[in-house]
Amino acid sequence: MGGASLLTQVAALARRSTVRTMRQPAVIISALLFPMMFFSINASGLDAASKIPGFPTDSYLDFAFAFPLIQASLFGAVTAGADLARDIESGFFDRLSLTPMRPVALLGGMLAGVVALGLLQGVVFLTIGLLMGVNISSGVGGMFVIVLLTVLVALGFGGIGAILAIRTGSVEAVESAFPLFFVVIFLSSINLPRNLIEQDWFRFVATINPISYLVEGIRSLVITGWDPQALALGFGFALAIVVVAIGGAAASLRTRVV
Amino acid sequence: MGQERGIEVEGLVREFKKGPRAVDGIDLRVEPGEVYGFLGPNGAGKSTTVLMLTTLLPPSGGTATVAGYDIVHEGPQVRASIGAALQEAALDPFLTGREHLHLQAALHGLSRKERRRRGQELLERVGLEEAADRKVRGYSGGMKRRLDLALALVHSPRILFLDEPTTGLDPQSRSALWAEVSRLAREDGVTVFLTTQYLEEADVLADRVGIIDRGKIVAEDTPEALKAEIGRPSVEATPAGTSDRDAVASVLGQFGEEIPAQPGAVAVRLTGGAAGLADVVRALDREDVRVANLRLDEPSLDDVFLEKTGRSLEGAAEDEDGEMEEAQ
């Protein structure tokens, strides 16, 4: 006894994370509905932007398709972070800490839940996007890469959610970070290409904002096809966020588990 | 090796910022197979001690070993040896009772087959087989407590920590939990460290009792020895009429010193022990003093607490709560 493999522990915790998410229809519906609502509103309301000279496509629908994927990843991360904080507040975390659970298994289990939700969101949004008329220039292969990048982004955001949860142990603190994340997303090239942002300060912020490169990586697969530079930057920043966030979460966890 | 060791604590201290020492240099020793009752009012330091002994809170000073392992330097070994049901039954409302047991069993490294077998066995033992596949959010307080106990037992620990396991439970659930704790100790030889604020619980379950107040252990022994230390029983008489009170007090005063009693009643600690009750009855009869009720009380653990701290356990709980709120 006490010899559970890391894989067994991660699988048990991932199952728990997924089961509890699936048993909260409100969470699933919000995670699927709100990003698509924003997408629909943006795509119809800002369609005229595609007439701006230099705009990379004549379909704002194609341009905006990265938005629900990035926003959904954020939803998933906040949900997972809040769940972890709730576990800390309720004492469930202590219960788990009293088992021979490896801290990294807890993180792995939680992030597996994030990945599962990210995967579901990616597939659902892709399907709805195609039904709405989004044209994926990179074809079927590109769709897989879009889902892969979305999952990576979800994983990175999930790591940030975990850091907040572990550091604060407060559901309120995690949930109150949501608007801040939202602002960071809007301060990127999510609504306009960087070269068309007129305000210098906004263009500067969008250029140093890693979210811009995640968005542009996904967008390139939709609009351009296979753009090695955009993909390298997109995957590069996504991986960097994953490494930093999960590393930070693991380090934070070590301070909480004696 | 570790399985034959109980709990040994020396000078254990826990300080919190802006507050008094929650645990102030306690020493205690719990033998293997013993049920140790840790009795004290709210805020006395019981739960803080449990958190330290279960490795969930680092001590500020002192040393302790659980199952032979140091709580600071050998946390994983301590955790592998113990089961714990902490003050709040921390459960996931979206999982079923059975899913909780399977998760806990998986983390402890039980095989799939063993998880199912052990889960079913524990569900039956705590009387939750019918509710096993219902989500925990629909459980009553008693059901949650029983599931909590089952979860603490998944890996058959040799040492079990129960932090106020019956607080808030109805009498029936409380009795069921007492029966299971007794069975674990008597039949399975599990060492039990039980914190409680209920005198009766400590009296019924514990082989030995440590009484903690304001972070310090003020008395420790078997319940019988602690009560014997106080010694003599008391007799309480309720006069038949209010005009008889002085006469009753006068007669009873011949048999011992007066102690606090129920409103309208008179009580004395019997100098000659329980055998003096017959003399009290004869004296009341001889003086033609009528009483509505006459009761002999053996010393209780509350008397012990009163003797050691100058306060009754119930009153102390209110005092300590006030102090804790101020400290926070």
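Residues numbered from 1 in each chain as written. Chains lettered and ligands numbered in written order. Predicted model: local features only at pLDDT ≥ 70, side-chain atom pairs only at ≥ 80, totals over all residues.

### A closer look at the packing of helix α11 (residues 210-223) of chain A against helix α12 (residues 228-256) of chain A
Residue and element names in this part refer to chain A. At a minimum axis distance of 8 Å, the contact between α11 and α12 shows a crossing angle of 135°. As judged from the angle between their axes, α11 and α12 are oblique. When you trace α11 past α12, the crossing you get is left-handed. Contacts between α11 and α12 involve P210, Y213, L214, E216, G217, I218 and S220 on the former and, on the latter, A230, L231, L233, G234, F235, F237, A238 and I241. (Axes fitted to C-alpha atoms, helices over the stretch in contact; angles between N-to-C directions. Helix = DSSP H or I, 4+ residues; strand = E, 2+ residues; numbered from the N terminus. Parallel < 35°, antiparallel > 145°, perpendicular 65-115°, else oblique. Left-handed = near helix turned anticlockwise from the far one by under 90°. Contact = placed C-beta atoms within 7 Å.)

### Examining the pairing of strand β12 (residues 256-259) of chain B
Residue and element names in this part refer to chain B. Pairing between β12 and strand β13 (residues 266-270): four bridges, direction antiparallel. In the strand pairing of β13, E258 is matched with V268. Hairpin remark: β12 followed by β13, antiparallel, with six residues in the connecting loop; positive phi at G264, about 85°. (Pairing = 2+ DSSP bridges.)

### Notes on the sheet that holds strand β2 (residues 21-30) of chain B
Residues and elements named next belong to chain B. Taken together, the four strands give an open sheet; going across it, the order is β2-β1-β4-β5, and neighbouring strands pair in antiparallel fashion. With partners counted over all chains shown, the strands left at the sheet margins are β2 and β5 (69-70), one partner each. With two bridges connecting them, strand β4 (residues 61-66) and β5 associate as antiparallel partners. Bridged to T65 within β5 is D70. In the packing of helix α1 (residues 46-53) onto the sheet, contacts are made with β1 (7-15), β2 and β4, and the angle to β1 comes to roughly 115°.

### Focus on the confidence of the model for chain B
Residues and elements named next belong to chain B. Put simply, chain B has an average pLDDT of 87, and 94% of its residues get 70 or more. Every residue in residues 321-328 scores below 50 in pLDDT, and together they form seven contacts with partners more than four places removed in sequence or on other chains. Model confidence for the complex: the whole-complex pTM is 0.80, and ipTM, which rates the interface, is 0.81. (pLDDT = per-residue confidence, 0-100.)

### Comments concerning the interface of chain B and chain A
Counting residues at the interface gives 24 residues for chain B, matched by 24 residues for chain A. Contributing elements (two or more residues each) for the side of chain B that touches chain A: α2 (75-81) and α3 (97-107) of chain B.

### Some remarks on the environment of P165(B)
Residue and element names in this part refer to chain B. Tracing the sequence through the fold places P165 in the loop between β7 (159-163) and α6 (171-188). Using a count of 28 C-beta atoms within 10 Å as the deciding quantity, one classes P165 as buried. Separated by 90 residues in sequence, P165 and F255 place their C-alpha atoms 41 Å apart. Not counting residues within four places of it along the chain, the set of residues in contact with P165 comprises A85, R145, L149 and L177. (Buried ≥ 20, exposed ≤ 12 C-beta atoms within 10 Å, placed from the backbone.)

### Points about α6(B)
All names here are of chain B. The first and last C-alpha atoms of α6 sit 25 Å apart over 18 residues, in line with the 26 Å expected at 1.5 Å per residue. Those residues of α6 not exposed but buried are R174, L177, V181, L184 and A185. Buried residues of α6, viewed axially, fall in a sector of 90°; they line one side. In α6, the exposed positions angled more than 90 degrees off the buried face are occupied by P171, Q172, A179, R183, R186 and E187. Where α6 is buried, its residues contact β3 (35-39), α5 (141-152), β7, β8 (191-196) and α7 (199-205). (Expected span 1.5 Å × (residues − 1). Arc of directions from axis to C-beta.)

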